[in-house]
Amino acid sequence: KQQNNNLNEMKGLVAEKQSIDQQVQILYQQIDVINEQLAAYNVLIADKQEELDAAQKNLKELQDKNAKRIRAMEENGELSYWAVLARANSIMDMLDCLEMMIDIKRADEKCMEELTAAAQEVSVAKEALTVEQDVLQDKRDDLDSVDAELEARREETNGLLIEMKAKGDEYDAMMEELEDQHNQLARDILEKTKEFEEAVKREEAAMRPANGPIYNNGLYYKDGI
């Protein structure tokens, strides 16, 4: 009965261990998927960072270029509209110069606005990717925590299985010993039975006189009658 109970417990532990192993395998697959997603997001973030760096570099170059041109115009006395008007040879020349200055200013402002908008767009995209990456990382940390818990349960189950296996071996040894005792007892009974039968035969032979009557169970026999 103890051996049967032990076997039933071992079957239950084996089933539990198989269930845990399946859960761990599924977790490993989920972790692999998240790792791939994290790697992809890392690449995207790196690309966005490169775009952001390029946009910021272009913006800085444009700002420096515009600042140099303004300083040069200031040094040459060409920044003032009045200076342009004073140097114009005619009304048409003056209008052309003013229109050129306005166009240059508008182009510079448009370029700076576009670069600023591009930098902001890249920055927002990068931030969104970073947030998504953090969410995935949190999810992976949760999976790692569950995996650690399942690993602990699996180790506990393995320990119980080892313990149950040891008990099973102990029961097997006990059953083997009992079987040996049973066989020895059967041999002893057979030997004692033979000894008893032989003793009975010897007693009967001792009680029978030569050519005399035979007593058996209190009855008198003579010459087979």
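Rules of the game
- Residues numbered from 1 in each chain as written.
- Predicted model: local features only at pLDDT ≥ 70, side-chain atom pairs only at ≥ 80, totals over all residues.
- Heavy atoms only, no water.
- Helix = DSSP H or I, 4+ residues; strand = E, 2+ residues; numbered from the N terminus.
- Contact = heavy atoms within 4.5 Å.
- Areas by Shrake-Rupley, 256 points an atom, 1.4 Å probe, with all protein chains shown as cover.
- Patch = residues over 30% accessible without salt bridge, like charges linked within 9 Å, V, L, I, M, F, W, Y side chains within 5 Å.
- Salt bridge = Lys/Arg side-chain N within 4 Å of Asp/Glu carboxyl O.
- Buried < 20%, exposed > 50% of the residue type's maximum accessible area, 1.4 Å probe, protein only.

S.K.: How do you make sense of the overall build of the protein when you look at a structure like this?
M.R.: When helices and strands are tallied, the protein shows 3 helices and 2 strands. Tracing the protein from N to C terminus, the helices and strands come up as α-α-α-β-β. Look at the contacts in the protein between residues 6 or more apart in sequence, and 81% of them connect residues 24 or more apart. Accessible surface, the protein: about 17,100 Å² in total, of which carbon and sulfur atoms supply 54%.

S.K.: Is there a simple way to think about the environment of asparagine 4 in this case?
M.R.: Relative to the elements of secondary structure, asparagine 4 occurs in helix 1 (residues 2-76). A sequence separation of 164 residues divides asparagine 4 from glycine 168, and the C-alpha atoms of the two residues are 9.3 Å apart.

S.K.: Even after reading the chapter, I still don't get a nonpolar patch on the surface, so can you show me in this structure?
M.R.: Taken together, Met174, Met175 and Leu178 make up a surface patch of nonpolar side chains, about 260 Å² in accessible area. Position of leucine 178 relative to the elements: it lies in helix 3 (residues 91-207). On the accessibility criterion, leucine 178 (43% relative accessible area) is partly exposed.

S.K.: How should I be thinking about the pattern of salt bridges in this particular structure?
M.R.: Across all of its chains, the model carries 2 salt bridges by this definition. Across the pair aspartate 169 and lysine 165 runs a salt bridge, and its minimum N-O distance is 3.1 Å. Here lysine 165 and aspartate 169 lie together in helix 3, a separation of 4 residues that amounts to about one turn. Looking at aspartate 169, the relative accessible area reads 39%, which means it is partly exposed. Given a relative accessible area of 45%, lysine 165 falls into the partly exposed group. Glutamate 195 is paired through a salt bridge with lysine 192; the nearest N and O atoms lie 3.9 Å apart. Remark: lysine 192 and glutamate 195 occur in helix 3; sequence separation between them is 3 residues, near one turn of the helix.

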